[in-house]
Structure formats: C-alpha cells, structure tokens
Amino acid sequence: MTFELPDLQYGYDALEPHIDALTMEIHHTKHHNAYTNNLNAAIEANGLGGKTIDELLSENIDIAAVRNNGGGWWNHCQFWEAMSPSGGGTPSGELAVAIDSSFGSFDEFKSIFHNAAMTRFGSGWAWLGVKDGELCVCSSPNQDNPLMDGFCNPILGLDVWEHAYYKMYGPGRATYIDAWWNVVDWNEVSRRFSNCR
Ligand code: MN
C-alpha cells in the first residue's frame, strides 16, 4: 500500500483568524507531505508493503522511520479532518454527556486538555481518547500517538509542534490552544466517538 497526502476539505485560509493560511499551507504541503513520502520510503526499505496504517503503527514501532513517519502521516490526517471553518462551539449528544461524565463539564475537559498540551515538553500531541469505554486525556512525544502502545483509542489530537503555531503565535502555545477550540469540528469528533463505542 502506498500512502497519499490527503486533500484538505477547506482552503488554507479557511481557519483564519485562528490558524493562518501560510502555516496551514506549509504544514500540509511541506511537513505532512514529507511524512507521507518518508513513510512510503520506509515501507519499501523494510519490506512492509500491504500493511494497513494500524498494523504499521502497532506492529512496527520499533523501526524509527515507520514510527516517526507513520505517526506523522496518521496524526496529521486526523488533525485536518477534526477542524472546520464552521467548527467551535460545544459538543452535543452522547459525546457531550460522556465529557460531562468523565470530566465534570466541558470547561473542565478543556482545562485538562489544555494542561496536557502545555505540559508536553518539546514537540508532540495532546489527545482526547476512549479507554475501556471512558473518555481520557493524554499526550505523546514527537509523532507518537496512543495507537502505538494501545493506551487508548484517540478521537481528537492537537499538534503542539512549534511548526503548527510559531508563525502566528511565536512561543505562545497557550494562545494557540485557546484559538484552536474555535475550529474543532465536534461533529467529526462525535462520529469518531460513536465508532469506538
Ligand atoms: Mn505538524
């Protein structure tokens, strides 16, 4: 199987003013594209053709090029799909009930997620996931994700690499996180939540 760089479902400027067009374009056409190409090269070099991304991430994470680029490919795919120019607001339905049940309230969840994203030292990701039927928050270094160690089933991930925010926010990761809530597509997150219950 050869992996491809997915098209975005919106323009590079569609998430402004929360995420700027130049950051989106470079992030997609340079960073995600490089992970895609390097993943395909790692698959060929290691004779792993035909494996799904889930198989690659769960069975072959001891191969650094597969771990870093496979994670990079998957993480960014879910990132683009979980954002929308019509995003923001609050979750509804079963997801909203589950957030209240697990964290107390949506604001409490956002605070816990924000803390996970802020305390991830260096580059990595913050995650909302489902573990044993319950929602949980965690973070991962580099391009790792919770699929690799089976910790949880991730349904929303935030990129906290500097390449995701530095042009617009400089070292202001907290401001970037606050802005990102305005573009989260809760309908997509709800779909993912339904799929893993
Ligand atoms: Mn990134």
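Remember, it's a predicted structure, so these values are computed and weren't measured experimentally.

A. Molecular detail of the sheet that holds strand β1 (residues 124-131). Ordered in space as β2-β1-β3, the three strands form an open sheet in which the pairing is antiparallel. Taken across any chain shown, the strands that pair with only one partner, and hence form the sheet edges, are β2 (134-141) and β3 (153-159). For this sheet the average axis-to-axis angle between neighbouring strands, irrespective of direction, equals 25°. By the bridge criterion, eight bridges tie β1 to β2 in an arrangement that is antiparallel. Its bridge partner lying in β2, Gly 129 is registered against Cys 136.

B. Structural context of helix α4 (residues 93-103). Leu 95, Ala 96, Ala 98, Ile 99 and Phe 103 are the residues of α4 that are buried. All buried residues of α4 project into a common sector of 165° when viewed along the axis, lining one side. Turned more than 90 degrees from where α4 packs its buried face, Glu 94, Val 97 and Ser 101 sit exposed. The inward-facing, buried residues of α4 abut α5 (106-119), β1, β2, β3 and α9 (186-195).

C. View of the packing of α4 against α9. Two elements in contact, α4 and α9, have axes whose closest approach is 8 Å; the angle formed by their N-to-C orientations is 80°. With respect to their mutual orientation, α4 and α9 come out roughly perpendicular. Counting all contacts with α4, which are made through Glu 94, Leu 95 and Ala 98, the residues of α9 involved are Trp 186, Val 189, Ser 190 and Phe 193. Split by residue class, the contact of α4 with α9 holds five nonpolar, one polar and one charged.

D. Representation of the pattern of salt bridges within the structure. Across all of its chains, the model carries five salt bridges by this definition. Notably, a salt bridge pairs Glu 188 with Arg 191, separated by 3.1 Å at the nearest N-O pair. Within this pair, Glu 188 and its partner Arg 191 are both found in helix α9, separated by three residues, close to a single helical turn. For Glu 188, a relative accessible area of 13% corresponds to the buried category. Put simply, Arg 192 and Glu 188 hold a salt bridge, and the shortest N to O gap is 2.9 Å. Placement of the pair is Arg 192 and Glu 188 together in helix α9, with a separation of four residues, close to one helical turn. Just as Arg 192 is buried, Glu 188 falls in that class too. Through salt bridges with shared partners, one network takes in Glu 81, Glu 188, Arg 191 and Arg 192.

E. Representation of the environment of Gly 11 within the structure. Along the chain, Gly 11 falls in the segment before α1 (21-45). Here Gly 11 falls in the partly exposed class, since its relative accessible area comes to 34%. Between the C-alpha atom of Gly 11 and that of Trp 73, which follows or precedes it by 62 residues, the distance is 20 Å.

F. Spotlight on the domain arrangement of the protein chain. Per the domain assignment, the segments of the protein chain are domain 1 (21-81) and domain 2 (93-196). Taking only C-alpha atoms into account, the centre of domain 1 sits 20 Å from that of domain 2. Listed as interface residues are 20 residues of domain 1 and, on the opposing side, 21 residues of domain 2. For the pair domain 1 and domain 2, the two sides together bury roughly 1700 Å², of which 56% comes from carbon and sulfur. Summed over the shared surface of domain 1 and domain 2, the result is two salt bridges. Linking Glu 81 and Arg 192 is a salt bridge whose minimum nitrogen-to-oxygen distance equals 3.9 Å. The interface formed by domain 1 and domain 2 contains eleven residue pairs in polar contact (both at pLDDT 80 or more). Sorting the residues of the side of domain 1 that touches domain 2 by element identifies α1, α2 (53-59) and α3 (64-81) as the ones contributing at least two each. Per-element accounting of the side of domain 1 that touches domain 2 gives the leading share, ten residues, to α3. Residue composition of the side of domain 1 that touches domain 2, by class: seven nonpolar, ten polar and three charged.

Procedures and definitions
Residues numbered from 1 in each chain as written. Predicted model: local features only at pLDDT ≥ 70, side-chain atom pairs only at ≥ 80, totals over all residues. Heavy atoms only, no water. Pairing = 2+ DSSP bridges. Helix = DSSP H or I, 4+ residues; strand = E, 2+ residues; numbered from the N terminus. Axes fitted to C-alpha atoms, helices over the stretch in contact; angles between N-to-C directions. Buried < 20%, exposed > 50% of the residue type's maximum accessible area, 1.4 Å probe, protein only. Arc of directions from axis to C-beta. Contact = heavy atoms within 4.5 Å. Parallel < 35°, antiparallel > 145°, perpendicular 65-115°, else oblique. Nonpolar A, V, L, I, M, F, W, Y, C, P; charged D, E, K, R; others polar. Salt bridge = Lys/Arg side-chain N within 4 Å of Asp/Glu carboxyl O. Domains from an automatic or database assignment. Buried area = accessible area lost by both parts, 1.4 Å probe. Polar contact = N/O pair within 3.5 Å; in protein donor to acceptor, adjacent residues only side chain to side chain.

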